[in-house]
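Architecture and fold: a report
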Amino acid sequence: MSADALVSQLKQGLDAPICLTWEITYACNLQCVHCLSSSGVRDPRELSTAQAKAVLDELRDLQVFYINIGGGEPMIRKDFFEILEHAEHNNIGVKFSTNGTYIDAENAKRLAEMNYLDVQISIDGTDAATNDAVRGAGSFAVALRAMNHLRDANFGPFKISVVVTRHNVDQLDQFKALADSYGAQLRITRLRPSGRGVDSWNELHPTQAQQRQIYNWLLAHGDNVLTGDSFFHLNALGESLPGLNMCGAGRVVCLIDPIGDVYACPFVIHDQFKAGSIFDEGGFTSVWRDSKLFLSLREPESAGACTSCGNYDSCQGGCMAAKFFTGLPLDGPDPECVIGAGEALLQSTRISLIPKPAMDHSRSVRLNAPTSVSVR
Amino acid sequence: MTVNATAVTLDSACELHPQVALRPEPFGALAYHYGNRKLIFLKHPDVVAVVRDLAQHATLADALIASGVHRDRWPSFVTAISALQSSEVVRVR
């Protein structure tokens with residue numbers, strides 16, 4: 001079977017996801033401006049420890065070999081290590097994403113002692129100014145401290161995860177050098193206009209010239225850098241980047257959110273892309289195999305407005321989430337379409353028609369106490 | 001490249017690598033290696049059947065006979081099992 005034939009098989013869906021993302025809490029100590037899940041405060045409906053373990057048991061039975069745990073900040077949960085250990089005992093590999101706040105010397109040691117575990121520290125700049133503008137004051141120093149603890153605990157090759165923006169795209173070489181200096185692996189992913197990204201995407205997303213810069217950088221370094229195959233829209237620029245050239249939403253990946261709702265991917269937390277809940281009859285397995293949404297995502301997609309474009313086979317029309325949260329039709333060009341078809345459409349999109357994320361767990365902005373001013 | 005394994009032939013006694021799990025899928029199976037964490041697609045159901053039962057047969061040829069694989073296709077199976085040996089899905093016991 002050729003690679004193309006395999007991709008067409010994968011598009012028809014698998015009996016279980018290859019890799020799913022499980023966000024275990026909406027609570028987060030940071031308020032990153034591009035947070036794809038608008039995290040901040042815990043949701044009172046979040047899964048209990050017993051419910052969380054039952055999710056892992058079901059994934060074990062489905063032979064889901066590994067999962068991505070995220071949040072929010074997953075380490076905020078008091079039962080975080082209990083959940084990790086349950087996954088480990090059930091032979092489910094875990095990679096978890098963290099901002100590093102709770103990786104002190106002791107926790108780093110504990111993580112290093114576990115098998116079958118990857119840790120991914122998020123940063124969005126190679127200096128505090130660039131990083132903290134997106135992730136909040138002090139967050140760069142905190143991430144570096146966590147990396148130092150992991151190195152000192154001999155954790156081994158952890159991952160450093162970067163969302164590529166207009167402001168850090170020039171630092172790709174420096175990110176790679178930073179990762180190399182820790183013996184870590186660099187992962188770069190595409191910025192999506194999801195969650196709080198709905199409001200920050202316009203300011204943060206790479207320009208057309210920068211898209212080409214990312215593409216060329218990945219052609220040169222892609223074999224040693226992880227991308228979650230998230231840049232396939234750039235394939236229209238020429239030679240294909242490494243990885244599966246397809247959207248995996250509902251086909252090979254999905255998201256289980258902190259309250260047990262199942263979405264097509266981590267970037268589409270919206271009712272239109274909610275397939276069901278792990279609490280539905282038949283559990284996650286039925287949602288994955290039989291939900292109307294997932295079955296429809298496994299049907300051959302229409303190229304729509306892109307039909308006449310010779311690049312469609314290369315770029316596959318780009319990212320569903322990127323289109324949805326910029327108000328573009330799903331069967332048309334990606335907002336970052338490299339030949340500019342998306343940009344033209346964005347100009348004519350009415351802001352009032354742009355969908356809002358289903359939930360917002362952002363912390364409310366605390367205003368300073370009014371200062372009394374005495375005037376003579 | 002490391003030189004490690006003995007070349008696979010029709011006379012080899014093989015087995016599924018003990019750290020590998022097979023998950024059936026419509027196109028064949030996913031093989032997951034818990035040691036190197038690599039995911040490999042087995043894209044032919046008959047290759048999956050042969051791989052799964054390798055350990056129960058004295059030689060690869062016996063496994064092919066048991067799975068009803070026609071002799072004309074044996075060379076391609078030797079190639080396929082060799083490739084799976086280099087990705088550590090299969091090993092010579």
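Residues numbered from 1 in each chain as written. Chains lettered and ligands numbered in written order. Predicted model: local features only at pLDDT ≥ 70, side-chain atom pairs only at ≥ 80, totals over all residues.

Points about the interface of chain B and chain A
Taken together, the 12 residues of chain B in the interface contact 10 residues of chain A. Among the elements of the structure, strand E2 (20-25) and strand E4 (39-42) of chain B are those that each provide at least two residues to the side of chain B that touches chain A. Counted by class, the side of chain B that touches chain A contains eight nonpolar, no polar and four charged residues. (Contact = placed C-beta atoms within 7 Å. Helix = DSSP H or I, 4+ residues; strand = E, 2+ residues; numbered from the N terminus. Nonpolar A, V, L, I, M, F, W, Y, C, P; charged D, E, K, R; others polar.)

Let's talk about the packing of helix H2 (residues 49-61) of chain A against helix H3 (residues 80-89) of chain A
Residues and elements named next belong to chain A. Close contact between H2 and H3 brings their axes to 10 Å; oriented N to C, the two are set at 25°. When the axis of H2 is compared with that of H3, the two are roughly parallel. Crossing of H2 over H3 shows right-handed handedness. When H2 is examined against H3, the residues Thr49, Ala52, Lys53 and Leu56 are found in contact with a partner set consisting of Glu82, Ile83, His86 and Ala87. Grouping the amino acids of the contact of H2 with H3 by side-chain chemistry returns four nonpolar, two polar and two charged. (Axes fitted to C-alpha atoms, helices over the stretch in contact; angles between N-to-C directions. Parallel < 35°, antiparallel > 145°, perpendicular 65-115°, else oblique. Left-handed = near helix turned anticlockwise from the far one by under 90°.)

Considering the environment of A:Gly318
Residue and element names in this part refer to chain A. Here Gly318 is to be found in the loop between helix H12 (312-315) and helix H13 (320-324). Take Gly318: there are 28 C-beta atoms within 10 Å of it, and that puts it in the buried class. When the C-alpha atoms of Gly318 and Leu150 are compared, they prove to be 36 Å apart, with 168 residues separating the residues in sequence. (Buried ≥ 20, exposed ≤ 12 C-beta atoms within 10 Å, placed from the backbone.)

Concerning the sheet that holds strand E1 (residues 19-23) of chain A
Taken together, nine strands build an open sheet; the order of strands is E6-E5-E4-E3-E2-E1-E7-E8-E9 (chain A) and the sheet is mixed. Across the chains shown, the open sheet's two edge strands, defined by having one partner strand only, are strand E6 (185-190) and strand E9 (274-277) of chain A. (Pairing = 2+ DSSP bridges.)

Structural notes on unusual backbone geometry
Residue and element names in this part refer to chain A. Following Gly71, the chain continues into Gly72 via a peptide bond in cis, with omega recorded as 15°. In this structure, Gly72 sits in the loop between strand E2 (66-70) and H3. The backbone phi angle of Asn91 is positive, close to 60°, even though this residue is not glycine. Of note, Asn91 is situated in the loop between H3 and strand E3 (93-98). Its 15 C-beta neighbours within 10 Å are what place Asn91 among the partly exposed residues. Although it is not a glycine, Gln316 sits at a positive phi angle of roughly 60°. Within the element layout of this structure, Gln316 appears in the loop between H12 and H13.

Quick word on the sheet that holds E2(B)
All names here are of chain B. The strand order across the open sheet built from three strands is E2-E3-E4, with neighbouring strands paired in antiparallel fashion. With one partner strand each, in any of the chains shown, E2 and E4 form the two edges of the open sheet. This sheet shows a mean twist of 25° between the axes of neighbouring strands, independent of strand direction. Pairing analysis gives six bridges linking E2 to strand E3 (residues 28-33), with the strands arranged antiparallel. The residue of E3 that forms the bridge with Glu25 is Gly28. On top of the sheet, helix H1 (residues 45-53) reaches E2, E3 and E4; it is set at about 45° to E3, its chief contact.

Here we look at the pairing of E6(A)
Bridge count between strand E5 (residues 159-164) of chain A and E6(A): six bridges; the pairing is parallel. Bridging from a neighbouring strand, A:Val163 pairs with A:Thr189 of E6(A).

So, the pairing of E3(B)
All names here are of chain B. Burial of E3 is extensive: five of the six residues sit out of reach of the surface. What sits between E2 and E3 in their antiparallel hairpin is a turn of two residues. Summarising the sheet, E3 and E4 pair through four bridges and their orientation is antiparallel. Bridge assignment links Leu30 to a residue of E4, and that residue is Phe41. Following E3, the chain reverses through five residues before pairing antiparallel with E4; Arg37 in that reversal takes a positive phi of roughly 60°.

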